[in-house]
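For reference, the chains in residue letters:
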Amino acid sequence: MSTQPMRYPAVKELASDECWALLRTMVLGRLAVAGEEHPELFPVNYVVDRGTVLFRTDPGTKLAASLDKAKVAFEVDGYDAETNEAWSVVIKGGLEPVLQTVDIVDAVALPLFPWQFGAKAFFVRVVPVALTGRRFVVVEPGHWVSPLTGIRRASEE
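Position numbers for residues count from 1 along each chain, tracking the sequence in the order it is written. pLDDT decides what is reported in this predicted model: residues at 70 or higher carry local features, side-chain atom pairs at 80 or more are listed and counted, and totals for whole chains, interfaces and linings draw on all residues regardless. By convention in this description, side-chain values take in all heavy atoms of the structure and omit both hydrogens and water.

## Notes on the packing of aromatic side chains
One pair of aromatic rings is described through two measures. These are the centre distance and the angle between the planes.
Moving on, step 1. Working definition: rings of Phe, Tyr and Trp (its six-membered ring) pair if their centres are within 6.5 Å, and the pair is stacked with planes under 30 degrees apart, edge-to-face with planes over 60 apart, and tilted otherwise. Under the definition given, this model contains 1 aromatic pair.
Moving on, step 2. Aromatic side chains Tyr-46 and Phe-74 sit 5.2 Å apart centroid to centroid with 80° between the ring planes, which places their arrangement in the edge-to-face category. Pair noted here: Tyr-46 is in the loop between β3 (39–45) and β4 (47–49) and Phe-74 is in strand β6 (residues 71–80), with a separation of 28 residues, a long-range link. Pair check on accessibility: Tyr-46 and Phe-74 agree, each one buried. Only DSSP runs of H or I reaching four residues or more are called helices, and only runs of E reaching two or more are called strands; each is numbered from the N terminus. Only protein chains enter the accessibility calculation, which uses a 1.4 Å probe. A residue is then buried if its area is under 20% of the maximum for its type, exposed if over 50%, and partly exposed in between.

Shown next as structure tokens:
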């Protein structure tokens, strides 16, 4: 019996420029905002702009959080089928409303297209305090098969 530890492919920590490059390849991320009773999680269409993430919104939780300069987390991930690698980028920072006319005009010109109907007349930025990312090889599903895989569970009644 071997006492050698199992070797797994390393998780690669990503440099800031690589994180921003990956963020530019996607259009949908998840915004986490601390709510009064529990955290809220919102899918948002976004665009990278001037070292921030910019999205559109209607009045509601996200806009109110930006007016309060709330602390948030923003996460985007992806998968490259050719390399069998997944990646994840997380921004921790604050929300800021876009209020200056010149900044609003600039924002309107960006290729930012929400998937959901609505006016979405307000622009909000996620301003980073910390940016982290990682890339890793995706394990084959067979790695997780056990003698219990596929066994039917008893009903809850």
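Structure shown, so let's carry the discussion forward.
## A short note on the pairing of strand β5 (residues 52–57)
Moving on, step 1. The buried fraction of β5 amounts to 5 of the 6 residues, a majority that puts the element mostly inside the structure.
Moving on, step 2. Examined bridge by bridge, β4 and β5 share 3 bridges and lie antiparallel to one another. The residue bridging Asp-49 from the neighbouring strand is Thr-52, located in β5.
Moving on, step 3. Relative to strand β8 (residues 122–137), β5 runs antiparallel, the two sharing 5 bridges. Bridging from a neighbouring strand, Leu-54 pairs with Arg-125 of β8. Two strands qualify as a pair provided DSSP detects at least 2 bridges between them.

## Some remarks on the pairing of β8
Moving on, step 1. Of the pairings in the sheet, the one linking strand β1 (residues 12–13) to β8 comprises 2 bridges and is antiparallel in character. Note on β8: the bridge partner recorded for Lys-12 is Arg-135.
Moving on, step 2. Bridge analysis of strand β7 (residues 85–97) against β8 gives 13 bridges, and the strand direction is antiparallel. Paired with Leu-95 across the bridge in β8 is Val-126.

## Quick look at the nonpolar core
Moving on, step 1. Within the largest apolar cluster, 25 residues are counted, with the highest numbers of intra-cluster contacts made by Leu-23, Leu-31, Phe-74, Leu-95 and Val-126.
Moving on, step 2. Going through the elements one at a time, α1 (16–23), β2 (28–34), β3, β5, α2 (61–67), β6, β7 and β8 are the ones with two or more residues in this core.
Moving on, step 3. Whether two residues touch is decided by their heavy atoms; if any such pair falls within 4.5 Å, the residues are in contact. Apart from the residues within four sequence positions on either side, Leu-23 is in contact with Tyr-46, Val-48, Val-76, Val-89, Ile-91 and Leu-131.
Moving on, step 4. Residues belong to a common nonpolar core when they are buried Ala, Val, Leu, Ile, Met, Phe, Trp, Tyr or Cys residues joined through side-chain atoms within 4.5 Å. Of all hydrophobic cores here, the second largest spans 6 residues; its members include Val-47, Leu-54, Leu-112 and Phe-123.

## Topic: the side chain of Asn-45
Moving on, step 1. If you trace the backbone, Asn-45 turns up in strand β3.
Moving on, step 2. Residue Asn-45 is classed as buried on the basis of its relative accessible area, which comes to 11%.
Moving on, step 3. Among the polar contacts listed, one links the side chain of Asn-45 to the backbone oxygen of Val-27, at a separation of 3.5 Å.
Moving on, step 4. Any pair of N or O atoms that falls within 3.5 Å is considered a polar contact. Within protein, one atom must be able to donate a hydrogen and the other to accept it, and sequence-neighbouring residues count only if both atoms are side-chain atoms. Among the polar contacts made by the side chain of Asn-45, one reaches the main-chain amide nitrogen of Trp-115 at a distance of 2.9 Å.
Moving on, step 5. Not counting residues up to four positions away in its chain, the partners in contact with Asn-45 are Val-27, Leu-28, Leu-54, Phe-55, Leu-112, Phe-113, Pro-114 and Trp-115.

## Things to note about the environment of Ala-32
Moving on, step 1. Relative to the helices and strands, Ala-32 is located in strand β2.
Moving on, step 2. Taking the relative accessible area as the measure of exposure, Ala-32 reaches 26% and is therefore partly exposed.

## A few points about unusual backbone geometry
Moving on, step 1. Positive phi values are uncommon outside glycine, yet Arg-50 reaches one of about 55°.
Moving on, step 2. For Arg-50, the location among the structural elements is in the loop between β4 and β5.
Moving on, step 3. Exposure remark for Arg-50: the relative accessible area of 53% places this residue in the exposed category.
Moving on, step 4. Phi is positive for Lys-120, close to 45°, though the residue is something other than glycine.

## Some thoughts on the environment of Gly-93
Moving on, step 1. On the secondary structure map, Gly-93 appears in strand β7.
Moving on, step 2. Judged by relative accessible area, which is 9%, Gly-93 ranks as buried.
Moving on, step 3. Distance from Gly-93 to Asp-17, taken between C-alpha atoms, is 17 Å for residues 76 residues apart in sequence.
Moving on, step 4. Ignoring sequence-local partners within four residues, the contact set of Gly-93 consists of Ala-70, Lys-71, Val-72, Val-127, Pro-128 and Val-129.

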